[in-house]
Amino acid sequence: MSRLLNCIVAVCPDMGIGNNGNLPWHPKRLSDEMKYFQKMTMTPTVEGIKNRMQNVVIMGRKTWFSIPAQNRPLKDRINIVLSRQMKEPPAGAHYLASDLRSALSLLDNAEIAARADQVWVIGGSSVYKEVMESPSRQRLFVTRILQQFDCDTFLPRISPEKFRLLSEFPDVPKAMQEEDGIQYKYEVYESVEI
Ligand SMILES: NC(=O)c1ccc[n+]([C@@H]2O[C@H](COP(=O)([O-])OP(=O)(O)OC[C@H]3O[C@@H](n4cnc5c(N)ncnc54)[C@H](OP(=O)(O)O)[C@@H]3O)[C@@H](O)[C@H]2O)c1
């Protein structure tokens, strides 16, 4: 796991990230927060007309199916779904991997390596946990939702020994955000080894 792994997550005060297969604040929608997710995960580090690089999104099976069918696969990104049970990628997904290491190994395959840029881990709970506990270099893009909703799925604790909160990061707004009466703010953490 030598690549920098980016995790992106929106989290309630109790570290809840999901409820009943959906986001905790469902049916409310945080449209700008979704646009932020889209921009961060979709924008490659290298730009240019001839550039065919795309970012990679890695997600667990339940997170894949939590995305509305019309939005799958996440466009302009290489979508990798993790499942120990499935034998072939769910319809629309680009790749299936039976564990995180295999997902990352896929990116060493010459055909994919030539077009894969940043790696974004987009959930759920056990996938974040595995990455956050791994020795890989990481950034965590955390949206702190300042209102509590019922949650049944959680992000592990962000260990202050392992991650430091950055005071700023390019393209990440610093100001408090508010949509549909819900306040939230963006944070970026970096693993201390970086
Ligand atoms: N707030 C946020 O930012 C955010 C982000 C993502 C998801 N969510 C929410 O979180 C919930 C879904 O997350 P979840 O934690 O319940 O499920 P999940 O991690 O998305 O999916 C779990 C499934 O993924 C597969 N899987 C997970 N880790 C694996 C690994 N290391 N290797 C192989 N397969 C692996 C397994 O599939 P098989 O059973 O097929 O083997 C497992 O049952 C939904 O409510 C969603 O809305 C929220």
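Definitions and cut-offs
Residues numbered from 1 in each chain as written. Predicted model: local features only at pLDDT ≥ 70, side-chain atom pairs only at ≥ 80, totals over all residues. Heavy atoms only, no water. Core = buried A, V, L, I, M, F, W, Y, C linked by side-chain atoms within 4.5 Å. Buried < 20%, exposed > 50% of the residue type's maximum accessible area, 1.4 Å probe, protein only. Helix = DSSP H or I, 4+ residues; strand = E, 2+ residues; numbered from the N terminus. Contact = heavy atoms within 4.5 Å. Near = heavy atom within 4 Å. Polar contact = N/O pair within 3.5 Å; in protein donor to acceptor, adjacent residues only side chain to side chain. Nonpolar A, V, L, I, M, F, W, Y, C, P; charged D, E, K, R; others polar. Arc of directions from axis to C-beta.

(A) Local environment of the nonpolar core. Grouped together as the largest cluster of nonpolar side chains are 31 residues, with contacts concentrated most on I58, L155 and I158. Breaking this core down by element, the ones donating at least two residues are β1 (5-11), β3 (54-60), β4 (77-82), β5 (95-97), α3 (100-106), β6 (116-121), α5 (125-133) and β7 (138-145). Setting aside anything within four residues of it in sequence, one finds I58 in contact with I80, L82, L100, A103, L104, V119, W120, V121, I122 and G123. Listed in part, the 27 residues of the second largest apolar core include V57, L166, V172 and V188.

(B) Spotlight on the site of the ligand. Surrounding the ligand, one finds 28 residues, the nearest of these being R61, T63, S83, R84 and S125. S98 places a main-chain nitrogen or oxygen 3.3 Å from a nitrogen atom of the ligand. In the environment of the ligand, an oxygen atom lies 3.0 Å from a nitrogen or oxygen atom belonging to the backbone of G124. Taken together, the elements giving at least two residues each to the shell around the ligand come down to β1, β2 (16-18), α2 (61-66) and α5. Per-class residue counts for the shell around the ligand are eight nonpolar, 15 polar and five charged.

(C) Broad picture of α5. Taken residue by residue, α5 has V127, Y128, V131 and M132 as its buried positions. Projected down its long axis, α5 shows its buried positions confined to an angular sector of 125 degrees, all on one face. Residues S126 and E133 are exposed on α5 and point more than 90 degrees away from its buried face.

No statement about biological role is implied by the geometric values presented.
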